[in-house]
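Observations on the three-dimensional arrangement
Listed below, chain by chain, are the residues.
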Amino acid sequence: MSSKLSDDFRSIVLNETPLLDVRAPIEFDKGAFLNATNIAILEDKERELIGTRYKEQGNSSAVALAEELIKQEGKQLRVKKWQAYLAKNPNAFLYCFRGGQRSGISQAWLEESGINITRLKGGYKAFRSFLMEESLRITQESKVIIIGGRTGSGKTLLLDEFDNTIDLEKLANHRGSTFGGFAKKQPTQINFENNLAYRLIQFEQMQYANLIIEHESHNIGKSFIPKPLYENLMRGQLVILQTPMKKRVEIIFEDYIVNSLEDYTLKYEDKAMNVWSDTINGSLDKMKKRLGGKLYAELKEIFSHAYEEHLNSNNTQGYKELIEKLLVEYYDPMYDYQLKQTKIPIIFRGNHAEIIKFLKV
């Protein structure tokens, strides 16, 4: 086996280097790295059989079984797929789980075909450990500005005005509320953590004076910010974005109705309206206990009427009544209470333009 190895994980992150992942698909689906492509040396069933043989009869027997399962034809097919990938990504690195036999054999087969490729020392496990350690260190050392404000204030729009930000909701592919899901599913928890680590390392490299994030809870949909990282981030200072109700309703309408329907249409085509409606109703159902029976029933009725009007006349304005009622009677009281309880120091309150001026001084 070749000894061409690298553990320069930082440069991989900063350059967003393409990665050839030769682990089994089941491993890849649980978690991988940015710009990684899975072309396995062993498929799921083969990996399972070889793992069982390894436990029962040891390494040499497991290797013999692997050779038997792959055989010459399988080897050629795998190498051909790797060659096609590397023709498009000539600077890619190679990895398996621990940087051992699977990536070592893959590397040797590629070298036999005339292609030299570097593999990750320690494989996926070592790179993942590096990312988690760096995430913890960087969040400990960074000065953090947290953008807070009532639901629909336009916090994400404000983040877009700065370069020194990390959009946690974008990484989680979720808007952060009960209604915040997109048509496309969220990343796995491992992928969310890995992608966050990439962004933190890239942020540090730019040597900004501070990091700006949106005020989030531990959970953004199904994505969970690890507790040590979350605690580090929440040791920052809070800036409160103040936006009039009418503007907030328009922001939410644009994002949660107009953009969301476009998102669902791209994925579900002629079924989009039904799927979207079921999703909204499902979100209201999940909130029933917190809303209380009376408010829940009122909101369901408002949505039903708005949806019917939408279907019949393509008029979507009825949803604005639902949005405002949710803000006034549920989200605003909840946020105001949480803000009173927070221990994060508030250093400024203002509108969109005022906060930009304050933070860019």
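The structure reproduced in this document is the subject of the present report. (Residues numbered from 1 in each chain as written. Predicted model: local features only at pLDDT ≥ 70, side-chain atom pairs only at ≥ 80, totals over all residues. Heavy atoms only, no water.)

With respect to the sheet that holds strand β1 (residues 5-6)
An order of β1-β5-β4-β2-β3 is seen for the 5 strands of this open sheet, with the pairing classed as parallel. Each edge of the sheet is formed by a strand with only one pairing partner; in this case those strands are β1 and β3 (36-38). Relative to strand β5 (residues 118-120), strand β4 (residues 93-95) runs parallel, the two being bridged by 2 bridges. By the bridge assignment, Phe 93 is partnered in β5 with Thr 118. (Pairing = 2+ DSSP bridges. Helix = DSSP H or I, 4+ residues; strand = E, 2+ residues; numbered from the N terminus.)

Side note on helix α14 (residues 293-313)
Since one α-helical turn is 3.6 residues long, residues separated by three or four positions face the same way. For α14, which comprises 21 residues, the first-to-last C-alpha distance of 30 Å matches the rise-based estimate of 30 Å (1.5 Å per residue) to within 8%. Taken as a whole, α14 has its buried residues at Leu 295, Tyr 296, Leu 299, Ile 302, Phe 303, Ala 306, Tyr 307 and His 310. On an axial view of α14, the arc spanned by its buried residues comes to 130 degrees, and they lie on one face. Residues of α14 that are exposed and angled more than 90 degrees away from the buried face: Gly 293, Lys 294 and Asn 312. Those residues of α14 hidden inside the fold are in contact with α11 (245-268), α12 (272-286), α13 (288-291) and α15 (319-341). Count one or two residues on from α14 and you reach Asn 314, which has phi positive near 60 degrees. (Expected span 1.5 Å × (residues − 1). Buried < 20%, exposed > 50% of the residue type's maximum accessible area, 1.4 Å probe, protein only. Arc of directions from axis to C-beta. Contact = heavy atoms within 4.5 Å.)

Description of the packing of aromatic side chains
Tallied over the entire structure, the rule returns 17 aromatic pairs. Plain terms: the ring middles of Phe 203 and Tyr 208 are 6.0 Å apart, the flat faces sit at 25 degrees to each other, and that makes the pair stacked. With 5.4 Å between their ring centres and 85 degrees between their planes, Trp 276 and Tyr 319 make a pair best called edge-to-face. Pair noted here: Trp 276 is in helix α12 and Tyr 319 is in helix α15, with a separation of 43 residues, a long-range link. Comparing Trp 276 with Tyr 319, the two get one shared label, buried. An aromatic cluster is present here, built from Phe 9, Phe 33, Tyr 95, Phe 97, Tyr 124, Phe 127, Phe 130 and Tyr 198 joined pairwise through their rings. Note that Arg 175 overlies the ring of Tyr 256, its terminal NZ or CZ placed 4.7 Å from the centroid. Over the face of the ring belonging to Phe 162 we find Lys 360, whose NZ or CZ atom lies 5.3 Å from the ring centre. (Phe/Tyr/Trp six-rings, centres within 6.5 Å; stacked < 30°, edge-to-face > 60°. Lys NZ or Arg CZ within 6 Å of the ring centre and 35° of its normal.)

Let's talk about the sheet that holds strand β6 (residues 144-148)
Where strands meet in a sheet, backbone hydrogen bonds hold them as pairs that are either parallel or antiparallel. One open sheet accounts for 4 strands, arranged β7-β6-β10-β11; its pairing is parallel. Among the strands making up the open sheet, the edge pair consists of β7 (211-214) and β11 (346-350). For this sheet, the mean angle separating the axes of adjacent strands, direction not counted, is 25 degrees. Relative to β7, β6 runs parallel, the two sharing 4 bridges. If you follow Ile 145 over to β7, its bridge partner there is Ile 212. In the packing of helix α16 (residues 352-359) onto the sheet, contacts are made with β6, β7, β10 (237-241) and β11, and the angle to β11 comes to roughly 140 degrees. (Axes fitted to C-alpha atoms, helices over the stretch in contact; angles between N-to-C directions.)

Digging into the pattern of salt bridges
Summed over all chains, the structure comprises 19 salt bridges. Glu 112 is the partner of Lys 75 in a salt bridge, and the nearest nitrogen-oxygen pair spans 2.9 Å. On the criterion of sequence distance, the pair formed by Lys 75 in helix α4 (residues 59-88) and Glu 112 in helix α5 (residues 101-112) is long-range, its members being 37 residues apart. Within the structure, one salt-bridge network assembled from shared partners comprises Arg 10, Glu 134, Arg 137, Glu 141 and Glu 204. (Salt bridge = Lys/Arg side-chain N within 4 Å of Asp/Glu carboxyl O.)

Focus: the nonpolar core
In terms of nonpolar packing, the biggest core is built from 41 residues, with Leu 19, Phe 127, Leu 131, Ile 166 and Ile 213 touching the most fellow members. Tallying contributions element by element places helix α9 (residues 189-205) first for this core, with 7 residues. Look past the residues within four positions of Ile 166 in its chain and what remains in contact with it is Leu 159, Leu 171, Leu 196, Arg 199, Leu 200, Phe 203, Leu 211, Ile 212 and Ile 213. (Core = buried A, V, L, I, M, F, W, Y, C linked by side-chain atoms within 4.5 Å.)

As for unusual backbone geometry
Notably, Glu 16 is not glycine yet its phi reads approximately 50 degrees, a positive angle. Tracing the chain through its elements places Glu 16 in the loop between α1 (9-15) and β2 (19-21). Positive phi outside glycine occurs at Glu 269, with the angle close to 55 degrees. With respect to the element layout, Glu 269 can be found in the loop between α11 and α12. Taking relative accessible area as the criterion, Glu 269 reaches 58% and is therefore assigned exposed.

Let's talk about α15
The terminal C-alpha atoms of α15, which comprises 23 residues, lie 32 Å apart, in line with the 33 Å expected from a rise of 1.5 Å per residue. Within α15, the axis deviates most sharply at Leu 327, by approximately 45 degrees. All of the buried residues in α15 are Tyr 319, Lys 320, Leu 322, Ile 323, Leu 326, Leu 327, Tyr 330, Tyr 331, Asp 332, Tyr 335 and Leu 339. (Bend = angle between axes of the 7 residues up to and from the residue.)

Brief notes about a negative patch on the surface
Judged by side-chain charge, Asp 29, Glu 43, Asp 44 and Glu 48 come together as a negatively charged surface patch. Looking at the secondary structure, you find Asp 29 in helix α2 (residues 25-30). (Patch = residues over 30% accessible without salt bridge, like charges linked within 9 Å, V, L, I, M, F, W, Y side chains within 5 Å. Areas by Shrake-Rupley, 256 points an atom, 1.4 Å probe, with all protein chains shown as cover. Lys, Arg positive; Asp, Glu negative; His and termini not counted. Charge placed at Lys NZ, Arg CZ, Asp CG, Glu CD.)

Description of the side chain of Asn 164
Within the fold, Asn 164 resides in the loop between α7 (155-159) and α8 (168-172). Assessed through its relative accessible area of 11%, Asn 164 is described here as buried. Residues in contact with Asn 164, not counting those within four places in the same chain, are Phe 203, Tyr 208, Asn 210, Leu 211 and Ile 212.

As far as function goes, none of this settles anything; it's purely spatial.
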